Amino acid sequence: MGTKVRMRVWRGDGGAGGLVDYEVEVNEGEVVLDVLHRLQATQAGDLAVRWNCKAGKCGSCSMEINGRPRLACMTRMSLFDPADAITITPMRTFPVIRDLVTDVSFNYEKARQIPSFTPDPSVGLGEFRMQQVDVERSQEFRKCIECFLCQNVCHVIRDHPENMPAYAGPRFLMRIAELEMHPADTADRRAIAQDEFGLGLCNITKCCTEVCPEGIHITDNALIPMKERVMSRKYDPVVWLGGKIARRPRRDTPKVPGGRA
Amino acid sequence: MTQAPQAPARTRAQIAARTLRRDAWWRQPAINAAGLLAIVVYLTWASLVNGDYFWKPYISPLYSPCLTSNCAPGAGFHWVPWLTALTPAILIIGGPLGFRFTCYYYRKAYYRAFWRSPAACAVREPHARYSGETRLPLILQNVHRYFFYIALAFNVILTIDAVVAFRNHAGQWGHMGLGTLVLVINAALLWLYSVSCHACRHAVGGRLKHFSRHPLRYRAWSLVSRLNAYHMQFAWVSLFWVLFTDLYIRLVASGAITDPRFF
């Protein structure tokens, strides 16, 4: 027999709605998603929650628990004081479809705009060999489960939705960094990282890193290295002069058309 | 032909509260703000006071290199004799200050502590508009790598100051006092802070696409990356130690305390 806990869950269609109070049973070892499922099974059959793997690997159950962006399946109930109500709201940055389910299509639109992996056409299929040290660097970024908690918490779009057309968010700036660091990639995304994907809007306050359930060092290993690369491409007068003297042509890869205007 | 009804426009969840966080999210930015303010107040005072910064063989890191002609006797180079309106500290403080001001860690700290953009994660910021580091003046943060090289020059000078401190008050070599130890730690912490910097990490190897083709640079990058994980700690400790070093030399020079001699 478990204990009872008070849950305040945001319920609503579209953006309109509010917090509704429930009292739900909790058993030892349970996570927030277990309790939401019990709530769904016993009191609120129409509660909408997106979930899938219950193992922190699919990135579906992103929500805000006591104001902090988290995966419901990886947030233990033992974290909370049983005397206090637990407040559960949908991710604030994205439009609500219903209850705790948000429309994250913004992210897929941004993903489509990034120039994809561009290998050297003169290297034949199966000819390129990648060393382990080069694999390891981007391996960290490949851990991303696309839960979009970093996109949700980033104040550039969370507090300023007007920046959404101009800003790709940490997840996709990390994708650009991953491609830029790939030894077999020949595209140059540095200019568009700044001009089209809004890297300059990032003020490196590290919230993306703080909320990442995979523990990816998004800011230190992707965003700041990318800012340094952009600095070389756009703002460093010595690099510019060196390029002029050596007559190195600039071959900026354009953004893929489409997505949000 | 009848049209299918359109789904209502979806909007974000309308939640009026600035944040629903219940933890003490305000504590860290408050501590940072208090710490940085205290440091700014001390630095301003110590840079303007123009006295008690040199006691042979120790010189305060805030006044080294002392380039003006109004340096304390024996402390300076007199390279800028015409510039006497400024204190020697004010003349040089822009270098290390610029390095710290444009440092990626300090940017995070002061954007959160003072500009509140954001004060903490998932806490609504108070500004109506936001342009980040895309416009003047914040686009100038991109000069960080140049301040890094300036900071390296200061590190060399302060390391020489630490070596020179292995003398006694009469100028004979082979002696050491508590002040020597303070200056050596100061130089070591400044090197750790500079070498762990993100601009350094980029310069030594981060800019490469092929680590495997540059094994030495890869090793250097790996070492800097390990240090980089502690950049925040080095940033605070080295800054406090610079101030402590200044204070220690100030107390010795003013006669408030006596420098204990080891040998």
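Residues numbered from 1 in each chain as written. Chains lettered and ligands numbered in written order. Predicted model: local features only at pLDDT ≥ 70, side-chain atom pairs only at ≥ 80, totals over all residues. Heavy atoms only, no water.

**Details of the pairing of strand β5 (residues 86–89) of chain A**
All names here are of chain A.
So, step 1. Burial of β5 is two-sided: the residues I86 and I88 facing one way and the residues T87 and T89 facing the other way are all buried.
So, step 2. Note: strand β1 (residues 3–13) against β5, three bridges, orientation parallel. For M7, the partnering residue across the bridge sits in β5 and is I86. (Buried < 20%, exposed > 50% of the residue type's maximum accessible area, 1.4 Å probe, protein only. Helix = DSSP H or I, 4+ residues; strand = E, 2+ residues; numbered from the N terminus. Pairing = 2+ DSSP bridges.)

**Describing the pattern of salt bridges**
Residues and elements named next belong to chain A.
So, step 1. This model, assessed by the stated rule, comprises 30 salt bridges over all chains.
So, step 2. In this structure, E214 engages K57 in a salt bridge whose closest nitrogen and oxygen atoms are separated by 2.8 Å. In this pair, E214 sits in the loop between α8 (207–211) and α9 (218–235) while K57 sits in the loop between α1 (32–42) and β3 (62–65), placing the two residues 157 residues apart along the sequence.
So, step 3. For E214, a relative accessible area of 17% gives the class buried. (Salt bridge = Lys/Arg side-chain N within 4 Å of Asp/Glu carboxyl O.)

**Things to note about the packing of helix α3 (residues 132–142) of chain A against helix α6 (residues 170–180) of chain A**
Residue and element names in this part refer to chain A.
So, step 1. Where α3 meets α6, the axes come as close as 10 Å, and the angle between the chain directions of the two elements is 165°. By the criterion of interaxial angle, the relationship of α3 to α6 is roughly antiparallel. In this structure, α3 crosses over α6, and the sense of that crossing is left-handed. Contacts between α3 and α6 involve S138, F141 and R142 on the former and, on the latter, M174, R175 and E178.
So, step 2. Residue composition of the contact of α3 with α6, by class: two nonpolar, one polar and three charged. (Axes fitted to C-alpha atoms, helices over the stretch in contact; angles between N-to-C directions. Parallel < 35°, antiparallel > 145°, perpendicular 65-115°, else oblique. Left-handed = near helix turned anticlockwise from the far one by under 90°. Contact = heavy atoms within 4.5 Å. Nonpolar A, V, L, I, M, F, W, Y, C, P; charged D, E, K, R; others polar.)

**As for the state of the cysteines**
So, step 1. Enumeration over the complete set of coordinates arrives at two disulfides over all chains.
So, step 2. Disulfide partner of C207(A): C121(B), at an S-S distance of 2.2 Å. Note on the C207(A) and C121(B) pair: the S-S dihedral is about -95°, so by sign convention the disulfide is left-handed. Here the residue C207(A) occupies a position in helix α8, and C121(B) occupies one in the loop between α4 (104–115) and α5 (144–164), the pair thus bridging two chains. C121(B) carries the same exposure label as C207(A), and that label is buried.
So, step 3. Covalently, C66(B) is tied to C71(B) through a disulfide, its sulfur atoms 1.9 Å apart. What sets the handedness of the C66(B) and C71(B) disulfide is the S-S torsion sign, and at about -110° it is left-handed.
So, step 4. Residue classification places C66(B) among the buried residues on the basis of a relative accessible area of 0%.
So, step 5. The closest cysteine sulfur to the non-disulfide-bonded C147(A) is located on C150(A), 6.3 Å from its own sulfur.
So, step 6. Since its relative accessible area comes to 8%, C147(A) is described here as buried. (Disulfide = S-S within 2.5 Å.)

**Some thoughts on the nonpolar core**
So, step 1. One finds M7(A) and L36(A) to be the most contacted residues of the largest nonpolar core, which totals 74 residues.
So, step 2. Element by element, the count of residues in this core is highest for α9(A), at seven residues.
So, step 3. Summarising the domain contributions, this core has at least three residues from each of domain 1 (3–102) and domain 2 (105–245) of chain A.
So, step 4. Residues within four places of M7(A) in sequence aside, it is in contact with V20(A), D21(A), Y22(A), V24(A), V35(A), L36(A), I86(A) and I88(A).
So, step 5. F54(B), Y110(B), A151(B) and C200(B) belong to the second largest nonpolar core, which has 37 residues in total. (Core = buried A, V, L, I, M, F, W, Y, C linked by side-chain atoms within 4.5 Å. Domains from an automatic or database assignment.)

**As for the environment of R250(B)**
So, step 1. By the element assignment, R250(B) lies in helix α9 (residues 231–254).
So, step 2. The contacts of R250(B), once residues within four sequence positions are left out, are Y42(B), W45(B), A46(B), V49(B), G51(B), D52(B), Y53(B) and Y63(B).

**A few points about the interface of chain A and chain B**
So, step 1. Contacts between chain A and chain B engage 67 residues on the former and 53 residues on the latter.
So, step 2. Summed over both sides, the interface between chain A and chain B buries roughly 4900 Å², with carbon and sulfur atoms accounting for 50% of that surface.
So, step 3. Area buried by chain A at its contact with chain B is led by R92(A), R137(A) and E228(A), which between them contribute 14% of it.
So, step 4. At the boundary of chain A with chain B, the tally comes to six salt bridges.
So, step 5. The interface formed by chain A and chain B includes 36 residue pairs in polar contact (both at pLDDT 80 or more).
So, step 6. For the side of chain A that touches chain B, the element with the highest residue contribution is α9(A), accounting for ten residues.
So, step 7. A breakdown of the residues in the side of chain A that touches chain B according to their chemical character gives 30 nonpolar, 18 polar and 19 charged. (Buried area = accessible area lost by both parts, 1.4 Å probe. Polar contact = N/O pair within 3.5 Å; in protein donor to acceptor, adjacent residues only side chain to side chain.)

**Notes on the pairing of strand β4 (residues 68–71) of chain A**
Residue and element names in this part refer to chain A.
So, step 1. The alternating pattern of β4 places P69 and L71 on a buried face, while none of R68 and R70, on the opposite face, is buried.
So, step 2. Pairing between β3 and β4: four bridges, direction antiparallel. Within the sheet, the bridge partner assigned to E64 lies in β4 and is P69.
So, step 3. Joining the antiparallel neighbours β3 and β4 is a turn of two residues, in which N66 adopts a positive phi near 50°.

**Quick look at unusual backbone geometry**
Phi is mostly negative for residues that are not glycine, and the peptide bonds are mostly trans.
So, step 1. A cis geometry characterises the amide bond from K56(B) onward to P57(B), with omega recorded as 5°.
So, step 2. Inspection of the secondary structure puts P57(B) in the loop between β1 (54–55) and β2 (58–59).
So, step 3. Between L136(B) and the following residue, P137(B), the backbone shows a cis peptide bond with an omega angle of 5°.
So, step 4. With respect to the secondary-structure elements, P137(B) resides in the loop between α4 and α5.
So, step 5. Positive phi, close to 65°, is recorded for F148(A), a residue that is not glycine.
So, step 6. Residue position: F148(A) is located in the loop between α3 and α4 (149–153).
So, step 7. Relative accessible area serves as the criterion here: at 3%, F148(A) is assigned to the buried category.
So, step 8. Even without being glycine, K206(A) reaches a positive phi, approximately 70°.
So, step 9. Checked against the element boundaries, K206(A) lands in the loop between α7 (190–195) and α8.
So, step 10. Overall, K206(A) belongs to the partly exposed group, its relative accessible area being 24%.

That is the geometry; function is a separate question.
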